[in-house]
Amino acid sequence: MIIVPCPHCGPRNSVDLRNCGEVVNRPNPDTATLTEWRTYLYLRENAAGWVSETWYCRAGCRRYFTIERNTVTNEIRDQS
Amino acid sequence: MPQHAYKYSAAKLLRHGLTRGTWPRMWRQPEFKDTYDVVIIGGGLHGLATAYYLATEHGITNVAVLDKGYLGGGGSGRNTAIVRSNYLTPEGVAFYDRSLHLYNTMADDLNLNVMFSRRGHLTLAHTDSALRTMHWRAEVNKLQGIDSSVIDPSDVKKEAPSLDVSPNTRYPILGALFHPPGGTVRHDAVVWGYARAADHHGVHLHQQTEVLDILCEGGTGPEGKGPGGKVTGVRTSRGDISAPIVVNCTAGWASLISNMAGVPLPITTHPLQAAVTEPTKVFLPTVVVSGSLHVYVSQTDRGELVFGASVDPVGTYRVNGTLEFTEELAGHVLELMPGISKMRLMRQWSGLCDMTPDYSPVMGFTPVEGYLVDVGWGTYGFKAGPVSGETMARTIATGKTDEMIAPFNLSRFTEGDLVGEKGAAAVGH
Ligand SMILES: Cc1cc2nc3c(=O)[nH]c(=O)nc-3n(C[C@H](O)[C@H](O)[C@H](O)COP(=O)(O)OP(=O)(O)OC[C@H]3O[C@@H](n4cnc5c(N)ncnc54)[C@H](O)[C@@H]3O)c2cc1C
Ligand SMILES: [Zn+2]
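The present account deals with the structure reproduced in this document.

This brings us to the site of ligand 1. Residues and elements named next belong to chain B. Near ligand 1 there are 37 residues, and of these Asp67, Gly75, Ser76, Thr80 and Lys383 occur at the shortest range. Lys383 has a polar backbone atom sitting 2.8 Å from an oxygen atom of ligand 1. For ligand 1, the protein covers 98% of the area, taking 1,000 Å² as the surface of the free molecule. Sorting the residues of the shell around ligand 1 by element identifies helix H2 (45-58), strand E13 (268-277), strand E17 (345-355) and helix H9 (381-398) as the ones contributing at least two each. Residue contributions to the shell around ligand 1 peak at 3 residues, all from H9. Looking at the shell around ligand 1, its residues break down into 17 nonpolar, 15 polar and 5 charged. Taken together, domain 1 (33-112 + 187-266 + 358-425) and domain 2 (118-181 + 268-355) each give at least three residues to the shell around ligand 1, which thus spans both.

Structural data, given as structure tokens:
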């Protein structure tokens, strides 16, 4: 079980949330080339280690937030 | 197999059984050379099959397969061994069907019993939309000469009498896609068969050899990596190897290897879990998959029920069993087969899967010359092992992308030309 600390709801089982994957910078949709846009959509670093990632608190406050998780141990630490 | 190969036969089995003699090792422990024509990273089914076809079909034998652990220690030794070809896209169907053909003759070709059991494959529909996708799949399949059709609940009951097909369940069974040529194959035997045959043809299999870096020159990224450059070799835990061709067959670890060449992949790594029950008398003749219930089940020759599901929702490199999985699995399986509620689960395990956005693999050349990939196998790469090896070997030997794998090139993501297989591969592997 992975316990995710939602900044609004406190610690919750990860099944109550949705993992939206590593943080990727969205290019400006007005100026991005198709290649840049698709790179943003599909390509991922998929690193083994500490990763900044986005979660969506599906069954709680329904807000998005970012945390750091170690993808090898599933330990979580505060972004700050 | 060449002359010096130790041939397995019924007579040898009898003799060994009577004399209790030791069997010869299946493959050698070769010397570690510092140069090869082809280096394959990953000693799973895909890496081994590629090496085998390079050696047997193309005479390219100066080949090393490197694995950081042991052969078959990744997904190849952890899967639920289901093979089938009733996919959704024409590209997918043609590809997986070729693999089934190779599985048909594999025991002879590799001189090892891989226990192919063509028991038939049922994908249940519990909703109108699922039934619609199944009709779509059946039509695509039939057009390509594949035995695949939609059957109604009474016929489902004939194929798998233990299923509850009554309309009174929470998710009544409305029909199923029936695919008689599908079945199961002994996964370890396939790994050992390819390893043994590749070894006999001169391929070097190096276990306990971890790739730490991919050496490149001329690329636009740091250290000459990245697009426009070319591969010169690999750095391993046992020293450097120079090689003009390096192939990434590392499935769940594929991104880590590819990043070493400066070629990011459209992949995230998720664990997939499976479980088996205690053995009982054989009562389930086919493989049964339920997309809506996120579960599939088959029974081994020994009588254990093998269960699987969709991948864990959180991407991670950590493989451990979770209670969420077991709980959900048990609930859903009992919806389908209420009669097995007293059976006990014996084991549960997990393996890493390299998931792509369109549920199709990533194969062939990349923007770095000499660096090829055969990855993105997600939860369906066991059935595809033989054809992947065959087509990757042909691509390497000819220097031209094999026609069959052209749709699966990495460039499809930047060109926006995806091959959507989610409808046929999300739960049933
Ligand atoms: C529980 C489960 C059930 C499944 N069920 C099915 C099924 O029913 N049908 C189906 O078709 N597919 C199924 N699959 C998927 C299938 O198992 C995989 O797609 C397939 O085994 C991938 O094979 P591979 O040879 O590409 O990779 P793997 O067998 O995963 O081999 C990759 C190898 O790379 C090695 N490696 C990694 N990093 C390095 C490094 N740095 N240096 C050296 N070596 C490295 C690893 O040690 C590993 O041995 C299932 C998977 C799982 C986990
Ligand atoms: Zn919350």
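All names here are of chain A. With respect to the element layout, Arg18 can be found in strand E3 (residues 18-22). Taking relative accessible area as the criterion, Arg18 reaches 42% and is therefore assigned partly exposed. Linking Arg18 and Arg62, residues 44 residues apart in sequence, is a C-alpha distance of 10.0 Å. If we ignore the near neighbours within four places in the chain, the residues touching Arg18 are Thr54, Trp55, Tyr56 and Arg58.

On to the side chain of B:Arg119. Secondary-structure assignment places B:Arg119 in the loop between helix H3 (90-110) and strand E4 (121-125). The residues contacting B:Arg119, other than those within four sequence positions of it, are B:Pro180, B:Gly182, B:Gly183, B:Thr184, B:Pro285, B:Thr286, B:Val287, B:Ser298, B:Gln299 and B:Asp301.

To continue, consider the packing of H2(B) against helix H6 (residues 187-200) of chain B. Residue and element names in this part refer to chain B. Between H2 and H6, the least distance of the axes is 9 Å, while the angle of their chain directions is 35°. In this structure, H2 crosses over H6, and the sense of that crossing is left-handed. Packed against H2, whose contacting residues are Leu45, Leu48, Ala49, Ala51, Tyr52 and Tyr53, the element H6 presents Val190, Val191, Tyr194, Ala195, Ala197 and Ala198 at the interface. Among the residues forming the contact of H2 with H6, the class breakdown is 12 nonpolar, no polar and no charged.

The rules we used
- Residues numbered from 1 in each chain as written.
- Chains lettered and ligands numbered in written order.
- Predicted model: local features only at pLDDT ≥ 70, side-chain atom pairs only at ≥ 80, totals over all residues.
- Heavy atoms only, no water.
- Near = heavy atom within 4 Å.
- Polar contact = N/O pair within 3.5 Å; in protein donor to acceptor, adjacent residues only side chain to side chain.
- Areas by Shrake-Rupley, 256 points an atom, 1.4 Å probe, with all protein chains shown as cover.
- Helix = DSSP H or I, 4+ residues; strand = E, 2+ residues; numbered from the N terminus.
- Nonpolar A, V, L, I, M, F, W, Y, C, P; charged D, E, K, R; others polar.
- Domains from an automatic or database assignment.
- Buried < 20%, exposed > 50% of the residue type's maximum accessible area, 1.4 Å probe, protein only.
- Contact = heavy atoms within 4.5 Å.
- Axes fitted to C-alpha atoms, helices over the stretch in contact; angles between N-to-C directions.
- Left-handed = near helix turned anticlockwise from the far one by under 90°.

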